[in-house]
Number of protein chains: 2
Amino acid sequence: MQGGSGSVTIHEVAEKAGVSIKTVSRVINHEANVRADTKERVLAVIAELNYRPNPSARHLAGTHGYNIALLYDNPSPSYLIDLQSGALESCHAEGFHLILQPCGFHDQNLEATINNLIVESRVPGLILSPPLSDAAGLIEKLEQWGVLHARIAPIDVARPGPYVAVDDRGAAFELIGHLIEQGHRRIGIIKGHPDHGAGHWRYEGYLTAMRQHGLPIDEDLIVQGYFSFESGLEAGRKLLSLSDRPTAIFAANDDMAAGVLHIAHDMGIDVPGQLSVAGFDDTPLSRHVWPSLTTVRQPVQEMARQATMQLIDRIRKRGLSESGPSAMYCSLVIRDSTGAAPNL
Amino acid sequence: MQGGSGSVTIHEVAEKAGVSIKTVSRVINHEANVRADTKERVLAVIAELNYRPNPSARHLAGTHGYNIALLYDNPSPSYLIDLQSGALESCHAEGFHLILQPCGFHDQNLEATINNLIVESRVPGLILSPPLSDAAGLIEKLEQWGVLHARIAPIDVARPGPYVAVDDRGAAFELIGHLIEQGHRRIGIIKGHPDHGAGHWRYEGYLTAMRQHGLPIDEDLIVQGYFSFESGLEAGRKLLSLSDRPTAIFAANDDMAAGVLHIAHDMGIDVPGQLSVAGFDDTPLSRHVWPSLTTVRQPVQEMARQATMQLIDRIRKRGLSESGPSAMYCSLVIRDSTGAAPNL
DNA sequence: ATGAAAGCGCTAACAA
DNA sequence: TTGTTAGCGCTTTCAT
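Bear in mind that the values here come from a model prediction, so they are computed numbers and not experimental data.

**Quick notes on the protein's contact with DNA strand C**
No. 1: Taken together, 28 residues form the shell around DNA strand C, and within it I10(A), Y51(A), T23(B), N33(B) and R35(B) come nearest.
No. 2: If you look at DNA strand C and keep only atoms within 4 Å of the protein, 66% of those are sugar or phosphate atoms.
No. 3: The contact in question runs from a phosphate oxygen of DNA strand C to an N or O atom on the backbone of R35(B), over 2.8 Å.
No. 4: Note that a base oxygen of DNA strand C is positioned 3.4 Å from one of the backbone N or O atoms of L60(B).
No. 5: Going through the elements one at a time, α2 (21-28) and α4 (55-61) of chain A together with α2 (21-28) and α4 (55-61) of chain B are the ones with two or more residues in the surface near DNA strand C.
No. 6: A per-class count over the surface near DNA strand C returns twelve nonpolar, ten polar and six charged.

This is the structure we're talking about:
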């Protein structure tokens, strides 16, 4: 192992291995047409010299760059970290770099910002996380500009191009079923941010579960939220102020569920004695509040890992098989922290 | 605004502006010796063509690259996001890219990992966040390798090289004073992770405050923590099980304070009626738990911003003024969410 | 104050 | 299967 200055170049490797630089190039790019023993010799020298191809030189001479960008619109820190970890993992494994690009879904300059990113950083592809996975205008521009992308948890799954999603609808369905089994009849729901697909499906899962169990859908028990703690606080206040208030509340994510818990405490309502609260995402927060929330573990990191792999694949295969929309699904797990049903 | 493919090059700019490429180069590098009107003409063409210098070409031809790395060892998500936002801000402003490098402080291969990063990504400099800001072995290697660095909140401020810190000691001192003014006499403390400087100073602030107010230091009230929720849970259990238990607990960060709150609820201890809990960092969590924590706002983002600027400065000034250790301080603010003193 | 030429380390197209 | 050559877009050094 040796340090930073005076990097080893392909020429030194070629000379020491007694081959031309082109042969070294073939080896590091896993091309065919290199005899096994030649290849081995070159690899040995590479290891000995701790040689790494210079990414800038490769980019300059080659067809594509080794940066990809992760676009995100300010979700919760823990969601974002999971997203990044997953994307980083794949990037690292494939020799790519990850560029972080915060951006506003409703920002007037969204497309200009991204264009800027593309022109400046020469990224051959982007990863779109919710809600940007459904920024239709942006996606059209990307296609027009010839920039690849992979989407995480999009609403519009019909659109061509790779995406990775989870069965939010099914998980919400099971979660509500779980609450009903515990004896709940009046179950309130706080819907997610309307920009996010996840919100829609979790709501649909709720509706289906209620219907299948023959329970009435009471409009008073359905409140719009925006995935933030504050919106959970407000929606919770609304639900818990009802004369015939719910015995359980399902918030479409943990942050809002934490808001419900907070306001319940403020209002002197005993949890879990008089109220059950369920969230979604299995964030650290869901375990840190008291009492801990029942929630659903969402494999965000895994989704990001897979979306990134798909994107890198496309970048490498450019021009070859324009392999239509390819979808991946990851599975969800309910985590019930109470175990016991509340006293009704 | 136009798209990705077929990038504009310096040649096209030069031709359209009626100058040589060297003049364009001078303009984009803010070099002297360009007549004002020439410069203006070139800038106009650059804007018109939406030209951006190709980073890879610059790196290949120039003296240094435009990537810098942020090293972190798995702090809390919100801390990490703040760190990143600050670093990104400076990078963006200065035309650099940020490379994320998670790493383990106690990892046997830490130095090898970083060497790898340096060889592979050609980073001219690194930002070290706690506890890596005090990885003495690593820092020595960096100097040996000729790789620059800037540290965030280090313990050892004597070491040469730029760093950014806050007055943790003073803030803890004030916070404890605040609790004492509210009438608390038995104040427990949960110390921070021993690897982190912040933990030491917050503890010192506690000791100084207690002494200055003539209160005894009771060893039973001092418990080691590790900055995690779980360690707060355990330390809280220990403190609250004392026969003469404290009326206030100061945890060296919010995650641990949330643990204390959680265990207090579990034990049926009324907060804030029978116990006050204070944390440190002003994370979202501190507002989401119930009741909200008294805490100290730490300008993590601002620290990262400044450390990054310092690093970029050094990279640009390489070889010139080897300008010794330069320190920066950011200030802290107490946020008291209760306002009222608990009933003692 | 401006320009011409060389070359950074690599890949691509074409030879051999 | 292997090597040769020409550039990618820029900065550098050295002229003018």
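**Quick look at the domain arrangement of chain A**
Size of an interface: often given as the accessible area lost when the parts come together.
No. 1: Partitioning chain A into domains gives domain 1 (10-53), domain 2 (67-166 + 300-330) and domain 3 (168-297).
No. 2: On a C-alpha basis, the centroid separation for the pair domain 1 of chain A and domain 3 of chain A is 59 Å.

**Quick look at the relation of the copies chain B and chain A**
No. 1: For the match of chain B to chain A, the screw axis carries a shift of 0.0 Å, the RMSD comes to 0.2 Å, and the turn is 180 degrees. Here the transformation between the copies is reduced to the relation of a two-fold axis. Minimal C-alpha separation from the rotation axis in chain B is found for S56(B), amounting to 2.1 Å.
No. 2: Mapped onto chain A, 100% of the interface residues of chain B are again interface residues, and the two copies thus contact each other with one and the same surface.

**Some thoughts on the interface of chain B and chain A**
No. 1: Each partner contributes to the interface: chain B provides 48 residues, whereas chain A provides 48 residues.
No. 2: For the pair chain B and chain A, the summed buried surface comes to about 4,400 Å²; carbon and sulfur atoms form 62% of the total.
No. 3: Across the salt bridge formed by R52(A) and E120(B), the nearest N and O atoms sit 3.2 Å from each other.
No. 4: Our count for the contact surface shared by chain B and chain A stands at 19 residue pairs in polar contact (both at pLDDT 80 or more).
No. 5: For the side of chain B that touches chain A, the secondary-structure elements that each account for two or more residues are α4, α5 (77-94), β2 (97-102), α6 (110-121), α11 (254-266) and α12 (284-288) of chain B.
No. 6: Among the elements that take part in the side of chain B that touches chain A, α6(B) stands out by supplying eight residues, more than any other.
No. 7: In terms of residue class, the side of chain B that touches chain A is made up of 23 nonpolar, 19 polar and six charged.

The rules behind the values
Residues numbered from 1 in each chain as written. Chains lettered and ligands numbered in written order. Predicted model: local features only at pLDDT ≥ 70, side-chain atom pairs only at ≥ 80, totals over all residues. Heavy atoms only, no water. Near = heavy atom within 4 Å. Polar contact = N/O pair within 3.5 Å; in protein donor to acceptor, adjacent residues only side chain to side chain. Helix = DSSP H or I, 4+ residues; strand = E, 2+ residues; numbered from the N terminus. Nonpolar A, V, L, I, M, F, W, Y, C, P; charged D, E, K, R; others polar. Domains from an automatic or database assignment. Least-squares fit on C-alpha atoms with pLDDT ≥ 70 in both. Contact = heavy atoms within 4.5 Å. Buried area = accessible area lost by both parts, 1.4 Å probe. Salt bridge = Lys/Arg side-chain N within 4 Å of Asp/Glu carboxyl O.

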